[in-house]
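Structural characterization, general
Each chain, written out:
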Amino acid sequence: MNKRLVPIAIAVLVVSGGVGFALTRGDKDSKPNASSTSKPTSAFDVVSTKGVSFVATIEVSSGNTTISSKMESDAKTGAIRYVSSAGGQSVNFIYTSDAYYMCQSSDTCYKYPLGQGNGASFDPKTYEYSDAKIAEYRAGSSYDGKKSCSTGTCDVWKIKSGENESVVYVDTKTKRVVQMEGTSAAGLMKITYDYRDDISVTIPTNVQTLPSL
């Protein structure tokens, strides 16, 4: 295995792997559109991402450095592809329910048990919206009005859990999360969601033995 990929993989995953759990504050100075501030009929009215294919683009900024990563969730296969670039190198991980793969190319992949190796620090569930997570967020949600977003108009919610706070944009028509913003220990974080039926994540079959790390 290309040894240069190992430290890059570690750096990228440490930065983006768990930042979703550490959001500390959102855009407290942002104002809702004055022309449209009617509150939804139910608190934090959001549809789960379960059974839905989507792409989550994750941007973490600190100073003049921004690391952009992409997570593709394929509802058909249940597999998830996570790709990030740093230092001119691209790191490609594919996660399934019982293992994950570190791939240098389409025909060079290494298989690891979940919870072991460099890819263990990335948890796809961080960027999914399960019924349990929605219920947890609903308990600490406060409405912040309607604002423009990538899909048109979104209901904006501030989510507070203990000392942590984030801002979530929910499409007014589909009730899907479109964007999430906050600050983590790694820096400013922004996650945008694109829901698409054409996402395809193939689980590798031609895998090699575990490299020495």
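The structure presented is a predicted model; accordingly, all values stated were derived computationally and were not measured.

Conventions adopted
- Residues numbered from 1 in each chain as written.
- Predicted model: local features only at pLDDT ≥ 70, side-chain atom pairs only at ≥ 80, totals over all residues.
- Heavy atoms only, no water.
- Helix = DSSP H or I, 4+ residues; strand = E, 2+ residues; numbered from the N terminus.
- Buried < 20%, exposed > 50% of the residue type's maximum accessible area, 1.4 Å probe, protein only.
- Lys, Arg positive; Asp, Glu negative; His and termini not counted.
- Salt bridge = Lys/Arg side-chain N within 4 Å of Asp/Glu carboxyl O.
- Contact = heavy atoms within 4.5 Å.
- pLDDT = per-residue confidence, 0-100.
- Phe/Tyr/Trp six-rings, centres within 6.5 Å; stacked < 30°, edge-to-face > 60°.
- Lys NZ or Arg CZ within 6 Å of the ring centre and 35° of its normal.
- 1 Å grid on protein atoms, 1.4 Å probe; cavity = no way out; pocket = protein on both sides within 12 Å on 5 of 7 lines; lining within 4 Å.
- Points joined across faces, edges and corners; volume = space filled by probe spheres on them.

1. Here we look at the side chain of K133
When you line up the elements, K133 lands in helix α2 (residues 131-139). Nearest to the buried, unbridged K133 among oppositely charged side chains is E128, at 7.2 Å. Contact partners of K133, with chain neighbours within four places excluded, come to K125, T126, Y127 and E128.

2. As for the confidence of the model for the protein
Looking at the protein, the pLDDT average stands at 80 and 74% of residues meet or exceed 70. Taking the mean pLDDT of every element in the protein, the minimum, 47, falls on helix α1 (residues 5-16) and the maximum, 94, on strand β7 (residues 141-149). Under a pLDDT of 50 for its full length, residues 1-12 has, in the predicted model, 26 contacts with residues more than four places off or in other chains. Ignoring residues within four places in sequence, the model shows residues 18-36, a span with pLDDT below 50, making 51 contacts including any to other chains.

3. Observations regarding the packing of aromatic side chains
On inspection of all chains with the given rule, the structure shows 15 aromatic pairs. Seen from their ring centres, Y95 and F122 are 5.4 Å apart, and the 45° between their planes marks the pair as tilted. Taken as a pair, Y95 in strand β4 (residues 89-95) and F122 in the loop between β6 (108-113) and α2 lie far apart in primary sequence, 27 residues in all. Taken individually, Y95 and F122 each receive the classification buried, so the pair is uniform in this respect. Positioned above the aromatic ring of Y129, the side-chain terminus of K133 is 5.4 Å from the ring centre. If you follow R176 out to its NZ or CZ, it ends over the ring of Y195, 4.9 Å from the centre.

4. Brief notes about the layout of surface pockets
Estimates place the volume of the largest pocket at around 600 Å³. G78, I80, P124, K125 and E128 are, among the 28 residues lining the largest pocket, the residues nearest its centre.

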